[in-house]
Amino acid sequence: MISLFILAEYFYNLHHHGLPPMRRRPQMFIAIGPPAFTAVALMGMAEIATEKFPSYYIPLAAHVNTAEVLLILTIFLSIFMWIFSFFLWMLGWLSIFAACHEWKFDITWWATVFPNTGFALATIKIGDLLASEPIRWVGSAATIIQVALWLGCFSLHVWAYFTRRVLWPGMDEGFGAETHLGRGLDLEGNVVSSKSSCAS
């Protein structure tokens, strides 16, 4: 429920203020996490329910297998949430590729990894429950993309650390360059002097 309020504010800001600066755009993938991981959790619980629930759990519907009905409803609800996650996934990637000439790695790029894991897991789970080979292949492709993203973020993070672009005073979300190195990052990810960083 909390994520619904946050998503409402998220879309409100997108509508009224447009896309965020490039340095903030990887954080757009955080919105994928709640619907994707909710779909994974619901499908997992419904699958277990077919083993744990009694065959006829509701007396007024004694001729219907309750757990199987629950599983069917859950699959359709999960597909809806997957479609919503896919919309957010496309929104995130299109916004990032629209500003590809401004790419500069910083710690916010890790936001492309964890939420998309839920999207890949939901894809795989839907493919398993529907016994659909094409959907399973899409899930496998999503997994490969996730591994590539993780390896890319890890490699760039190590490079950025040794070039003092991340995990150094004044170079992360906290800024504070005026009290440390005398330089920091602005919202676009450019290294600026402490005076310019404070002014921005």
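All values derive from a computational prediction rather than experimental measurement. (Residues numbered from 1 in each chain as written. Predicted model: local features only at pLDDT ≥ 70, side-chain atom pairs only at ≥ 80, totals over all residues. Heavy atoms only, no water.)

(A) Highlighting the UniProt feature "transmembrane region" (unreviewed entry) in the protein. In the numbering used here, UniProt assigns the "transmembrane region" (unreviewed entry) feature to residues 29-49, 69-95, 107-126 and 138-162. Here residues 29-49 is 81% helix and 0% strand, with 31 Å between the C-alpha atoms at its ends. Taken end to end, residues 138-162 comprises 100% helix and 0% strand; its first and last C-alpha atoms sit 36 Å apart. (UniProt positions renumbered as here; feature names shortened; annotations may be inferred. Helix = DSSP H or I, 4+ residues; strand = E, 2+ residues; numbered from the N terminus.)

(B) Layout of the environment of alanine 148. As for its position among the elements, alanine 148 is in helix α5 (residues 133-162). For the pair formed by alanine 148 and valine 113, sequence separation is 35 residues and the distance between their alpha carbons is 9.5 Å.

(C) Quick peek at a nonpolar patch on the surface. Taken together, the side chains of Val147, Trp150, Leu151, Phe154, Val158, Tyr161, Phe162 and Leu167 present a nonpolar region at the surface, about 790 Å² in accessible area. Secondary-structure assignment places leucine 167 in the loop between α5 and β1 (183-185). (Patch = residues over 30% accessible without salt bridge, like charges linked within 9 Å, V, L, I, M, F, W, Y side chains within 5 Å. Areas by Shrake-Rupley, 256 points an atom, 1.4 Å probe, with all protein chains shown as cover. Salt bridge = Lys/Arg side-chain N within 4 Å of Asp/Glu carboxyl O.)

(D) Up close: the confidence of the model for the protein. Overall, the predicted model of the protein reaches an average pLDDT of 83, with 84% of residues at or above 70. Segment residues 174-181 is flagged for pLDDT under 50; beyond a separation of four residues in sequence, or across chains, it makes 16 contacts in the model. (pLDDT = per-residue confidence, 0-100. Contact = heavy atoms within 4.5 Å.)

(E) Expanded view of the side chain of threonine 123. By the secondary structure assignment, threonine 123 is in helix α4 (residues 114-130). On the accessibility criterion, threonine 123 (2% relative accessible area) is buried. If near-sequence neighbours (up to four positions away) are discounted, threonine 123 is found in contact with Trp82, Ile135, Val138 and Gly139. (Buried < 20%, exposed > 50% of the residue type's maximum accessible area, 1.4 Å probe, protein only.)

(F) Expanded view of the packing of helix α1 (residues 2-17) against helix α3 (residues 66-97). Relative orientation of the contacting elements α1 and α3 amounts to 35°, with a least axis distance of 14 Å. In the crossing of α1 with α3, the sense of the turn from one axis to the other is left-handed. Along its contact with α1, which presents Leu7, Tyr10, Phe11 and Leu14, the element α3 presents Phe84, Phe87, Leu88 and Leu91. For the contact of α1 with α3, the residue count by class is eight nonpolar, no polar and no charged. (Axes fitted to C-alpha atoms, helices over the stretch in contact; angles between N-to-C directions. Left-handed = near helix turned anticlockwise from the far one by under 90°. Nonpolar A, V, L, I, M, F, W, Y, C, P; charged D, E, K, R; others polar.)

(G) Broad picture of α1. Across its 16 residues, α1 extends 22 Å between first and last C-alpha, which sits within 8% of the 22 Å expected from 1.5 Å per residue. Looking one or two places after α1, you find glycine 18, whose phi comes out positive at around 75°. (Expected span 1.5 Å × (residues − 1).)

(H) A look at the environment of leucine 7. Within the secondary structure, leucine 7 sits in helix α1. When the C-alpha positions of leucine 7 and proline 34 are compared, they lie 9.4 Å apart, and in sequence the two are 27 residues distant. Among all residues touching leucine 7, those that are not within four sequence positions of it are Ala31, Phe84 and Leu88.

(I) Molecular detail of the packing of helix α2 (residues 33-52) against α4. Orientation of α2 relative to α4, taken along the N-to-C sense of each, is 35°, at an axis distance of 8 Å. The handedness of the crossing between α2 and α4 comes out as left-handed. In this structure, α2 contributes Gly33, Ala36, Phe37, Ala39, Val40, Met43, Gly44 and Glu47 to the contact, and α4 contributes Phe114, Pro115, Thr117, Gly118, Phe119, Leu121, Ala122, Lys125, Ile126 and Leu129. Residue classes in the contact of α2 with α4 are distributed as twelve nonpolar, four polar and two charged.

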